[in-house]
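# Structural features, examined
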Amino acid sequence: MEPILEAKNIKKSFPQLHTIENISLRLNRKEFVTVLGPSGCGKSTLFSIIAGIAQPDRGEVIIENRDHTGVAGRVSFMHQKDLLLPWKRILDNVCLPLFLRGLSTREAHKQAKPHFPLFGLEGFEHYYPSQLSGGMRQRAALLRTFLFSQDIMLLDEPFGGLDALTRQTMQRWLMNVMEEIESSVLLITHDVDEAILLSDRIYVLSHRPAQVRQELKVNMERPRGINYFAEPEYIRLKEAILECLTH
Amino acid sequence: MKKWRNTGDRFLSAGLGVFILFLWEMVGRLNILPAYLLPPPSRIATAMVRNADLLWQHARITLLQAVLGFLIAMLLGCLLALWLDYSPVARKTLYPYLITSQTVPIIVLAPLFAMWFGFGILPKVLIVVLVCFFPITISLLEGLATVDRELMDLMHAMNASSWQKYRWVKLPAAMPSLFSGLKISGTYSIMGAVIGEWIGGRMGLGVYMLRVRQSFATDQVFAVITVIVMLSILVLKLIQIAEKKAMPWLQHDQPYEEPVPHQET
Ligand SMILES: Nc1ncnc2c1ncn2[C@@H]1O[C@H](COP(=O)(O)OP(=O)(O)O)[C@@H](O)[C@H]1O
Ligand SMILES: [Mg+2]
């Protein structure tokens, strides 16, 4: 498999704070890779660098064999907060990246509408974000991310702000969506179950200054069933990850 | 429940107003204070009705000056705020002067304006502009500066141009703040025009007020004050209507309850 995205030897310090020490990771085409690490270890910082909105002190970001270090606008980026525009209805919110690209309202709507059923937003096109539940807002934010760039998506704790029950529903939902779309995804989380449920591969990061502690392959059939956590592979992975995180 | 509470609060404050008017009326009726010092509300109302035509002639001019000045201030204030927000250098250079300019009392500028620009409509409009300009500029500037950092990062990640950042995020986000500035300015605008008219001229509520004061027609002075208050409220109401029209998303804030998802079986 050829990598679609590679981060090589990324290093980043803030004044007073050494956040990332030499992280290298790679994302293959149509692969789902999770970056798992303790809070505050520099995961979001790493994503800003990969998305090109921050400069690393050292290292480079290669996308499809071209240098994209510090170049924004190639990959799409979703945040823990939905960051929907309160003044726009859901349809216009998800179309934002298309509008920014210069599409007319009609063209943009025409492109976005077919995706509404898959993202569970059918019938809510003309609601304002404040009228929707947290889960629906995150789905809208994900659709917006998807419409910006379908081939590579960075998801930074997309379900971190949701309650436990909604989070589980959303994780299953995302797993099913991944069957339907052809994207390569990098996901940040500190939820071990979420990582195992969704990923093909997992990078476990250390505390600050963050380094890749371990790289794990998830050898489980897709789609993963409701009782995936009873499988030996799941138990093996969870033990390995917890071991790695707590030492 | 909340609605009922609001109505209750309104009822209370209206009741207080009626009570104060009643006390005031009694002060006059029972000759506690003579009418030439404090005319009772009924006499003020009579004076207003009797001079309605004349009051309207003068009020028209004041209103015209206030609205004209307000609109010019809005245009200039918004342009300046946008420029200061866009260019950090301009902001660092000009901001201190902008703040300092507010320490100059308008009332001492008024006679100077008459000297420079005569007794026509121009100096009055300029005073209104000066009064209204500052709150509009500052409120828009603050609104633009307090936009969610992460939202701007997202716009950056989506490759938005400067213009697109303003068009989609900064300007709409700054609207509530801008409107609170517009409401303050709008309320001051009538007062600004009246102060401008005190320095001289032929028409306007300020001119008329001086005239009736010199003839000791206290009830008519109060009638003018009432008209000034009414005009100020009118301007405020108009801005509030524009505010609702400009920010429709704030009218739709009833959350929609998500249906319970079907259990997979
Ligand atoms: N712009 C910045 N300036 C200084 N420190 C920062 C900046 N951004 C993040 N940090 C710090 O870097 C550390 C890592 O942040 P972050 O990447 O958000 O962690 P994570 O997403 O893993 O929780 C945190 O301690 C945070 O306070
Ligand atoms: Mg983070």
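Residues numbered from 1 in each chain as written. Chains lettered and ligands numbered in written order. Predicted model: local features only at pLDDT ≥ 70, side-chain atom pairs only at ≥ 80, totals over all residues. Heavy atoms only, no water.

## Structural notes on the overall build of chain A
Rule in force here: Secondary structure follows DSSP: runs of H or I at least 4 residues long count as helices, runs of E at least 2 residues long count as strands, and numbering of each begins at the N terminus. The rule is simple: take the accessible area with a 1.4 Å probe, protein chains only, and divide by the maximum for that residue type; under 20% is buried, over 50% is exposed, in between is partly exposed. We call two residues in contact when some of their heavy atoms are within 4.5 Å. What sets the accessible areas is the Shrake-Rupley method with a 1.4 Å probe; for residues, cover comes only from the shown protein chains.
Tallying secondary structure elements over chain A gives seven helices and 10 strands in all. Buried positions account for 55% of the 247 residues belonging to chain A. Partitioning the contacts of chain A with sequence separation of at least 6, the portion at a separation of at least 24 is 68%. When the accessible area of chain A is evaluated, it comes to approximately 10600 Å², of which 48% is carbon and sulfur surface.

## Focus on the site of ligand 1
Residues and elements named next belong to chain A. To be explicit about the condition: One heavy atom within 4 Å of a molecule or strand makes the whole residue count as near it. In the analysis that follows, any N or O atom pair within 3.5 Å is treated as a polar contact, provided that within protein one partner can donate a hydrogen and the other can accept it, and provided that, for residues neighboring in sequence, both atoms belong to side chains.
Close to ligand 1 lie Phe-14, Leu-17, Thr-19, Ser-39, Gly-40, Cys-41, Gly-42, Lys-43, Ser-44, Thr-45 and Arg-208, which account for all nearby residues. Within the backbone of Gly-42, an N or O atom sits 3.0 Å from an oxygen atom of ligand 1. Within the side chain of Thr-45, an N or O atom sits 2.5 Å from an oxygen atom of ligand 1. Relative to its free-state accessible area of 570 Å², ligand 1 is covered by the protein chains to the extent of 58%. Of all the secondary-structure elements, those providing two or more residues to the shell around ligand 1 are β2 (17-28) and α1 (43-51).

## Observations concerning the environment of A:Arg26
Residue and element names in this part refer to chain A. Following the sequence through the fold, Arg-26 ends up in strand β2. Note on Arg-26: relative accessible area 30%, which makes it partly exposed. Remark: the alpha-carbon pair of Arg-26 and Glu-60, spanning 34 residues in sequence, is separated by 12 Å. In this view, Arg-26 contacts Pro-3, Leu-5, Glu-6, Val-33, Arg-201, Tyr-203 and Glu-215; residues no more than four positions away in its chain are not counted.

## Observations concerning the sheet that holds β2(A)
Think of a sheet as strands paired side by side through backbone hydrogen bonds, with each pair either parallel or antiparallel. Residues and elements named next belong to chain A. What counts is decided by this rule: Whether two strands pair comes down to DSSP finding at least two bridges between them.
Spatial ordering of the open sheet is given by β2-β1-β4-β5, a layout of four strands whose pairing is antiparallel. Across the chains shown, the open sheet's two edge strands, defined by having one partner strand only, are β2 and β5 (66-67). Relative to β2, strand β1 (residues 3-14) is paired through eight bridges, and the arrangement is antiparallel. What sits directly across from Lys-12, in β2, is Ile-20.

## Some details on the domain arrangement of chain A
Residue and element names in this part refer to chain A. Definition in use: An automatic or database domain assignment provides the domain bounds reported here. Accessible-area loss on putting two parts together, using a 1.4 Å probe and summing over both, is the definition of buried area adopted here. A pairing counts as a salt bridge when a side-chain nitrogen of Lys or Arg comes within 4 Å of a carboxyl oxygen of Asp or Glu.
Parsing chain A into structural domains produces domain 1 (5-75 + 152-245) and domain 2 (84-148). Averaged C-alpha coordinates put domain 1 and domain 2 at centres separated by 25 Å. Listed per partner, the contact involves 14 residues of domain 1 and 10 residues of domain 2. Between domain 1 and domain 2 lies a buried interface of about 1000 Å² when both sides are counted; carbon and sulfur atoms form 83% of it. It is Met-153, Met-170 and Trp-173 in domain 1 that bury the most area against domain 2; as a group they hold 42% of the surface buried on that side. Inspection of the region where domain 1 meets domain 2 yields zero salt bridges. Taken together, the links from domain 1 to domain 2 amount to two residue pairs in polar contact (both at pLDDT 80 or more).

## Description of the sheet that holds strand β7 (residues 152-156) of chain A
Residues and elements named next belong to chain A. Inclusion rule: Fitted lines through C-alpha atoms serve as axes, helices being fitted only where they are in contact, and the angles separating the N-to-C directions of these axes extend from 0 to 180 degrees.
Judged by pairing direction, the sheet is mixed, and its six strands sit side by side in the order β6-β7-β8-β3-β9-β10 without closing on themselves. In this open sheet, the two edge strands, each paired with only one partner strand, are β6 (76-78) and β10 (212-217). Each neighbouring strand pair of the sheet contributes to a mean axis angle of 15 degrees, computed without reference to strand direction.

## Quick word on the pattern of salt bridges
Residues and elements named next belong to chain A. As enumerated under the stated definition, the model contains 19 salt bridges over all chains in all. Linking Asp-191 and Arg-167 is a salt bridge whose minimum nitrogen-to-oxygen distance equals 3.8 Å. Taken as a pair, Asp-191 in the loop between β8 (184-189) and α6 (192-198) and Arg-167 in helix α5 (residues 164-180) lie far apart in primary sequence, 24 residues in all. In the salt-bridge network here, residues are joined through shared partners; they are Glu-2, Arg-29, Glu-64, Arg-74 and Asp-151.

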